[in-house]
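Okay, here's what each chain looks like letter by letter:
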Amino acid sequence: MLDHGGKLIIFSPQLPEHSRKMAEENGFTFPLVYDKELTLSNGLGLTHGFPKELSELYLQFGLDVAKANDMDTWQLPMPARYLVDNEGLIRDAAINPNYAQRPEPTEMLDLLKMLT
């Protein structure tokens, strides 16, 4: 995206040591910012909780969301993408409560091209 004047920044409630490990394993070179206690996500209205049945299912697979995020509650942000211009104006946003439905990276490239 840098070729198109953009910067990719990922915000995650996951503890930094987990994010660093994931970044190293996948060769990520972009910043991963720790959204401690979902401060940013809550401010943007992006967080959702888990029904008890779902959290129990996750635990059966060895995934403890609260522990991974160093929180007492089972909450995650919805996947969201924002395109912010040089003046700080949000020019595009994509938010979907279904974590499996995320915007295609090529969409972002097309949007970046329109801004330059």
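None of the values given here were measured: they were computed from a predicted structure. (Residues numbered from 1 in each chain as written. Predicted model: local features only at pLDDT ≥ 70, side-chain atom pairs only at ≥ 80, totals over all residues. Heavy atoms only, no water.)

Colleague: Please provide a residue-by-residue account of the overall build of the protein, values included.
Modeller: Helix and strand content of the protein: 5 helices and 6 strands. The linear arrangement of helices and strands in the protein, starting from the amino end, is β-α-β-α-β-α-α-β-β-β-α. Projecting the C-alpha coordinates of the protein onto the three principal axes gives extents of approximately 45 × 30 × 25 Å. Here the protein holds 116 residues, and the buried ones make up 24% of them. (Helix = DSSP H or I, 4+ residues; strand = E, 2+ residues; numbered from the N terminus. Buried < 20%, exposed > 50% of the residue type's maximum accessible area, 1.4 Å probe, protein only.)

Colleague: How would you explain the confidence of the model for the protein if you had to name every residue and give the values?
Modeller: Summing up the model confidence of the protein, the mean pLDDT is 87 and the portion of residues at 70 or higher is 96%. Averaged pLDDT values over the elements of the protein bottom out at 80 in helix H5 (residues 105-115) and peak at 95 in helix H2 (residues 39-43). (pLDDT = per-residue confidence, 0-100.)

Colleague: Explain the pairing of strand S5 (residues 80-84) residue by residue, including any values.
Modeller: On any regular strand, side chains alternate: one points to one face of the sheet, the next to the other face. Only one face of S5 is buried: it carries Arg81 and Leu83, and the other face, with Ala80, Tyr82 and Val84, is open. Relative to strand S6 (residues 90-95), S5 runs antiparallel, the two being bridged by 5 bridges. Counterpart to alanine 80 in the pairing with S6 is isoleucine 95. The loop that links S5 with its antiparallel partner S6 comprises 5 residues; one of these, glycine 88, has a positive phi angle of about 90 degrees. (Pairing = 2+ DSSP bridges.)

Colleague: Give a detailed account of the pattern of salt bridges, specifying residues and quantitative values.
Modeller: Scanning all chains against the criterion turns up 5 salt bridges. The salt bridge partner of arginine 81 is aspartate 92, with a shortest N-O separation of 2.6 Å. Pair noted here: arginine 81 is in strand S5 and aspartate 92 is in strand S6, with a separation of 11 residues, a long-range link. Note on arginine 81: relative accessible area 14%, which makes it buried. (Salt bridge = Lys/Arg side-chain N within 4 Å of Asp/Glu carboxyl O.)

Colleague: Quick one: what's the story with a nonpolar patch on the surface, residue by residue and with numbers?
Modeller: Residues Ile9, Phe11, Val33, Leu40 and Leu44 make up a contiguous nonpolar surface patch of about 410 Å² in total accessible area. With respect to the helices and strands, leucine 44 occurs in the loop between H2 and strand S3 (47-49). Taking relative accessible area as the criterion, leucine 44 reaches 43% and is therefore assigned partly exposed. (Patch = residues over 30% accessible without salt bridge, like charges linked within 9 Å, V, L, I, M, F, W, Y side chains within 5 Å. Areas by Shrake-Rupley, 256 points an atom, 1.4 Å probe, with all protein chains shown as cover.)

Colleague: So, the side chain of arginine 81: which residues are in play, and what are the values?
Modeller: A polar atom in the side chain of arginine 81 sits 2.6 Å from the side chain of aspartate 92. Among all residues touching arginine 81, those that are not within four sequence positions of it are Asp92, Ala93, Ala94, Pro103, Glu104, Glu107, Met108 and Leu111. (Polar contact = N/O pair within 3.5 Å; in protein donor to acceptor, adjacent residues only side chain to side chain. Contact = heavy atoms within 4.5 Å.)

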